[in-house]
Amino acid sequence: MARTLKDTRLDTRSARERLLVRKEPYWRLMFEGAHLGYAKGKRAGQWVARHRASGHSTKGYVKTTLGEADDIADADAEHIFNFKQAQAAANAWFELTTQGERPAKASGPYTVGDALDDYLAQFTGKSVVATRSRVNSIIRPELKNVDTAKVTTAQLTAWLRKRADEPARLRTARNAKVRNVRATVGDDAIRGRRSTANRDFTVLKAALNVAFREGKIASDVAWRRVKQFKNVDGARLRYLTDIEAKRLVNAVDPNFRPMVQAALLTGARYGNIASARVRDFDPQAQTLAFADTKGGRAHYVYLEAEGVMLMARAAAGKGPDDLLFPRPTGARWGASEQKRKIAEASERAHIERTTFHDLRRTYGARLARQGVPMAVVAQALGHADQRITMRHYAHLAPSYVASTIREYAAGLGIVEPYGVRLVSAT
């Protein structure tokens, strides 16, 4: 196991706070040609890594982003890392990246595990940590030793079906011996497990496709013929009524309540709200800016009067770089803290189980029900493609078909009004 290195510039939050914001990361040599870096941003820092083969120029570096630094939120060793955890993540990445520099195996088949290693070594997507976690915890354990030259459609289909039948895993204490799981009960739960299985298979297929394109696998027929689950991504979307929204706000932990209010009044995602700074709120323009959204584009939320009041109250007495909605300690809310708080509030409010993302959907639904054009709803939610907005909210908007039917299709008189009894035929 690689030893843990020390660096007085990067060891602690307080040390990193004293560093200047700059484009080039602060690098720490791990071993020849391999560095762990801390990219200091205006809001928070990120851990990055780079590697090059011995003797190459610096232009030969391969780089990756490991995850967020624990500057404003506690480390969880999954998405947010302290200095020690960042070193472990960097060493794992170096292990995969440098495999191409080692002598090839003298003998033995090219396995699914080999394909996964090669895929991760060159993976440059934004979700590198999540993809590595999906590969190592879900795909690799069962398929790593499978010879890619002998893998069959039936074998991969069986794996896909098995994944769909397994219960969802819940967050568990890090040192727990038994993983918490949620029973798969009901149509929505079954659909959700099948959708998750499809996503797992998509990562597996991507790794195998890369190996096929690079000539390491002779044929891609086996996984091309696998039929993934159909019609599993159209879940019944949860929107809160105005009454439910008020009950949820009243029932939620008071310390977390401003986060819920902000979601309902802006339609923003949890991560954007948790990261919002005072400088992002413009009281003159009555906007809240999010620089780093899911789509990688800046997004402005246009606030109405109640939203402006909430932001002004949250910004009062704070500096430009302070968080708008921090935890009581002043730190950023963690990556998954919202899940339990919203679930507990839903139970106390006696409403259907709700997630934080349902608050974003509620914002979009309220706009749609008021007849706001879909293009405007898309802009308000920051959707890159209006088709996403149409799929989720178009059915809520007042339509010519609905109004025509309600105006001209008279009832049959077969439902008894309150207080009136239908006359029996004699």
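The preceding data block contains the structure.
Structure report, in brief. From a predicted model like this one, the values you see are computed outputs, not experimental measurements. (Residues numbered from 1 in each chain as written. Predicted model: local features only at pLDDT ≥ 70, side-chain atom pairs only at ≥ 80, totals over all residues. Heavy atoms only, no water.)

Observations concerning the packing of aromatic side chains
Going by this rule: Put simply, two rings from Phe, Tyr or Trp (the six-membered ring, in Trp's case) pair if the centres are within 6.5 Å, and we call them stacked under 30 degrees between planes, edge-to-face over 60, tilted for the rest. Counting from the N terminus, the helices are DSSP H or I runs at least four residues long and the strands are E runs at least two residues long. We call a charge positioned over a ring when the NZ of a Lys or the CZ of an Arg lies within 6 Å of the ring centre and within 35 degrees of the ring normal.
By the definition in use, this model includes nine aromatic pairs. Centroid distance W47 to F83: 5.7 Å. Interplanar angle 40°. Geometry classified as tilted. With W47 in strand 3 (residues 46–51) and F83 in helix 2 (residues 83–97), this residue pair connects regions lying 36 residues apart in the sequence. Relative to Y270, the ring of F256 lies with its centre 6.5 Å away and its plane at 40°, an arrangement referred to as tilted. Of this pair, F256 sits in the loop between helix 8 (242–251) and helix 9 (257–266) while Y270 sits in helix 10 (residues 270–275), and the two are 14 residues apart along the sequence. We note R161 situated over the ring of F229; from NZ or CZ to the ring centre the distance is 4.5 Å.

Thoughts on the packing of helix 5 (residues 153–165) against helix 6 (residues 187–213)
So the rule is basically this: Note on definitions: angles span 0 to 180 degrees between N-to-C directions of axes, and those axes are lines fitted to C-alpha atoms, for helices only across the stretch in contact. Reported orientations rely on four angle classes, namely roughly parallel under 35 degrees, roughly antiparallel over 145, roughly perpendicular from 65 to 115, and oblique for the rest. What makes a crossing left-handed is the near helix being turned counterclockwise from the far one by less than a right angle; a clockwise turn instead makes it right-handed. Whether two residues are in contact is decided by their heavy atoms: any pair within 4.5 Å suffices. The classification used treats Ala, Val, Leu, Ile, Met, Phe, Trp, Tyr, Cys and Pro as nonpolar, Asp, Glu, Lys and Arg as charged, and all other residues, Gly among them, as polar.
For the pair helix 5 and helix 6, interaxial distance at closest approach is 8 Å and the crossing angle is 140°. Relative to helix 6, the element helix 5 lies oblique. Two packed elements cross with a definite hand, and for helix 5 against helix 6 that hand is right-handed. Taken together, the residues of helix 6 that come into contact with helix 5 (itself represented by L156, W159, L160, R163 and A164) are R193, R194, T196, A197, N198, D200, F201 and L204. By residue class, the composition of the contact of helix 5 with helix 6 is seven nonpolar, two polar and four charged.

Things to note about the pairing of strand 2 (residues 34–39)
Using the following cut-off: Accessible area is worked out with a 1.4 Å probe on protein chains only. A residue is then buried under 20% of its type maximum, exposed over 50%, and partly exposed in between. Two strands are counted as paired when DSSP detects at least two bridges linking them.
Across the six residues that make up strand 2, a large majority, five, are buried. Judged from the five bridges that link them, strand 1 (residues 26–31) and strand 2 form a sheet pairing that is antiparallel. Bridging from a neighbouring strand, R28 pairs with L36 of strand 2. Where strand 1 hands over to strand 2, the hairpin turn is made up of two residues, of which G33 adopts a positive phi near 80°. Inspection of the sheet shows strand 2 paired to strand 3 by six bridges, in the antiparallel sense. Each residue of the ladder has a partner; that of A39, found in strand 3, is Q46.

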